[in-house]
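One letter stands for each residue in the lines below.
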Amino acid sequence: MAQTEKKGGLLRKSSASKKPLKEKVVLMYDEIFTTEDPSKCNPRFWEELFLMKVNLEYLEGKLEALDGEELMKIKDNINCLFQHCIQALGEEHPIRVVNALQTLCALIRGVHQKNKSTSGFDIINMLVGFDKAELCMKNLMESLDSLLCAEGSESLKSLCLKLLLCLVTVTDNISQNTILEYVMINSIFEAILQILSSPLSRREHGYDAVVLLALLVNYRKYESVNPYIVKLSIVDDEATLNVIPFLTLKLHPYSFLFRQYKDKEEEHQSGFFSAITNMVGSMFIADADEKISVQTNEAILLALYEAVHLNRNFITVLAQSHPEMGLMTTPTSPIPTTPVTPLGTTPPSSDVISSAELPLDADVQTSNLLITFLKYSSIVMQDTKDEHRLHSGKLCLIILTCIAEDQYANAFLHDDNMNFRVNLHRMVSSSILSLSFSFLSDLMVEFIVTHMMKEFPMDLYVRCIQIVHKLLCYQKKCRVRLHYTWRELWSALINLLKFLMSNETVLLAKHNIFTLALMVVNLFNMFITYGDTFLPTPSSYDELYYEIIRMHQNFDNLYSMVLRLSTNAGQWKEPASKVTHALVNIRAIINHFNPKIESYAAVNHISQLSEDQVLEVVRSNYDTLTLKLQDGLDQYERYSEQHKEAAFFKELVRSISINVRKNLAFNTLSQELLLKEFSTIS
């Protein structure tokens, strides 16, 4: 007997045959694509259809081949097919349910191809009809909710999530997708949380569930009341609070990203790149192509951001410690005692997630989700040379901004008992640190010193300096004294000012560099004015003055530049003037101590003073130094998404939506795997 081959819905005998035979399901599709009711001649048409293995390629191809006018002619049959799919979701036989779900996916994607330039409103009419839309979509959402919550097939749950992702991403701009109004009215928030709360379901469907939730939260978030935002913002049960942050970091996945990083790092360290990057202090602007590139996942980062931003209870989960996972010293209590936890809730206990579930990778085990995120950020923020990586780096800094504003997170970061084994992934090497605050500060310093390049990421620098400022404000407010190598931060900030001055012409063509310069100068003013309240020892304060005096030429040059621009009638007059005024105390320190240092050298016949000798002069002349009180140094504007970040998140969500739809279309609807689970058909 001749063998039979299948291609594009056709059955063709391998021997010479005049006419190929079509699969039965393809013949049934052809009947639907006529103007006649297919059940008129065959009352069992719809019942038989959902027993047939779905041919996604043929069905979508058939829809794509029609023009808009032809599609409208068969609208009644498309509506009927859509409605019968929804009815089939309630069938007991899983094969019918699987086929109905896949058919719905094909219909949604196929109709979308004909409506790319229009809103979801037209798609609703084509799929289900305006008159029946409300009831049909209610039934659809209820069926999907039931399937997601049932203790049944994991394949069915997977396909339900795929269908929901198809619905959500049917338009590039999800806020223009009117289909989502029905997903808002008939919320599946609890079903998503149930998926995330079940170990088995979380392992199988965690990624899709987290991405789906992140997208739903962003539907018209600035224009109307979004129930997913409301519900996410009030989550307070321990299980959910533990699951979402952990899952986003685990699914990203950090371990895979770490392996990418290590492989690329090893490639570069053995060659010319290693020699070049070890040349510290080069006056040339670094080229963006020198960064080590790794792949990131913006959808998962967005999910983590939404959880942390909308509900600060999630930050308490990020800060939970797990002593069995590599703490250098076990604290007497894993929870900082001050200040009061946000929203007055009790921080979740650290034993909700089992220790067996926590490890991400043998090489990258961490004891804390916040530390995991910081380590992840240290990799992501190294490379911002293209838009995708720039978005990921920006999102990491926005999340860190939310963390830096949170009282509980700060209590954790600044707790001396919280010592972790942490690797900071640098451009040249990795360093092992202990204190959480030290790692975050070093992360900011690392970014500052490694991104002074032609394509200067001004926005990221501003966010980086803001994070440092917010941490200092907490230390000043709570009088926290940490033993940290502050000189590294001061040196990085001075080199940043030097970079801005050296590249004034190039940078001013694109950026207002005076905003950043003012922020840097005010960080020094913060240390000068309030350093005695948070620097660890009096000698640390002396070292601050030493660094300012030692690097005085940079501050002198900055003053000359801003004075020049502030006295000219140009666009930079006002911002430059602000920097001029902010430099008053730094210049007072320089002008006060430099003559005394020169006098000391002359009297003692010393051509070049040592650091100890300069510090001796500084300590002996504090009492005659006069400084001006500067207001507002310990105040900052809290992060606000709607007013400043709406455009960024709109574009980010658009990019994620397109990417999700693309991946669903090509990678995620294999029938063979699904049908293996239901191999018995009567």
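Quick notes on the rules
Residues numbered from 1 in each chain as written. Predicted model: local features only at pLDDT ≥ 70, side-chain atom pairs only at ≥ 80, totals over all residues. Heavy atoms only, no water. Helix = DSSP H or I, 4+ residues; strand = E, 2+ residues; numbered from the N terminus. Buried < 20%, exposed > 50% of the residue type's maximum accessible area, 1.4 Å probe, protein only. Contact = heavy atoms within 4.5 Å. Areas by Shrake-Rupley, 256 points an atom, 1.4 Å probe, with all protein chains shown as cover. Phe/Tyr/Trp six-rings, centres within 6.5 Å; stacked < 30°, edge-to-face > 60°. Axes fitted to C-alpha atoms, helices over the stretch in contact; angles between N-to-C directions. Parallel < 35°, antiparallel > 145°, perpendicular 65-115°, else oblique. Left-handed = near helix turned anticlockwise from the far one by under 90°. Nonpolar A, V, L, I, M, F, W, Y, C, P; charged D, E, K, R; others polar.

Would you mind going over the overall build of the protein chain with me for this structure?
Across its full length, the protein chain holds 34 helices and five strands. Going through the 682 residues of the protein chain one by one, you find that 57% of them count as buried. In the protein chain, 77% of the contacts between residues at least 6 apart in sequence involve partners at least 24 apart. Just so you have it, the protein chain exposes about 30100 Å², and 51% of that area is on carbon and sulfur atoms.

Is there a simple way to think about the packing of aromatic side chains in this case?
Aromatic rings considered in pairs are described by the distance between their centres and by the relative angle of their planes. Per the counting criterion, the structure on display carries 24 aromatic pairs. Arranged with centres 5.9 Å apart and planes meeting at 50°, the rings of Phe514 and Trp572 form a pair that is tilted. Separated by 58 residues along the polypeptide, Phe514 in helix α26 (residues 513-534) and Trp572 in the loop between α28 (552-566) and α29 (573-582) bring together distant segments of the chain. The exposure classification of Phe514 matches that of Trp572, with both residues buried. Through successive ring pairs, a cluster of aromatic residues spans Phe437, Tyr484, Trp486, Trp490, Phe527 and Phe534.

Any chance you could explain the environment of Glu598 here in plain terms?
Locating Glu598 in the fold gives a position in helix α30 (residues 584-603). Expressed as a C-alpha distance, the spacing of Glu598 and Val617, which sit 19 residues apart in the sequence, is 10.0 Å.

Explain the packing of helix α17 (residues 298-310) against helix α20 (residues 387-404) to me, please; I cannot follow it from the model alone.
Two quantities define a packed helix pair, namely the angle between the helix axes and the distance between the axes. Between α17 and α20, whose axes approach to 10 Å, the crossing angle comes to 20°. Judged by the angle between their axes, α17 and α20 are roughly parallel. For the pair α17 and α20, the sense of crossing is left-handed. Between α17 and α20, the contacting residues are Glu298, Leu301, Leu302, Leu304, Tyr305, Val308 and His309 on the first element and His388, His391, Ser392, Leu395, Cys396, Ile398, Ile399 and Cys402 on the second. When grouped by side-chain class, the residues that make up the contact of α17 with α20 number 10 nonpolar, four polar and one charged.

I keep staring at the packing of α28 against α30 and nothing clicks. Help me out?
At their nearest, the axes of α28 and α30 sit 10 Å apart, and the two run at 130° to each other. One way to sum up the angle between α28 and α30 is to call them oblique. Between α28 and α30 lies a crossing whose hand is left-handed. Contacts between α28 and α30 involve His552, Phe555, Asp556 and Tyr559 from the former and Ile586, Arg587, Ile590 and Asn594 from the latter. Looking at the contact of α28 with α30 residue by residue, the classes come out as four nonpolar, two polar and two charged.

So far we have only geometry, and geometry alone does not tell us how the molecule works.
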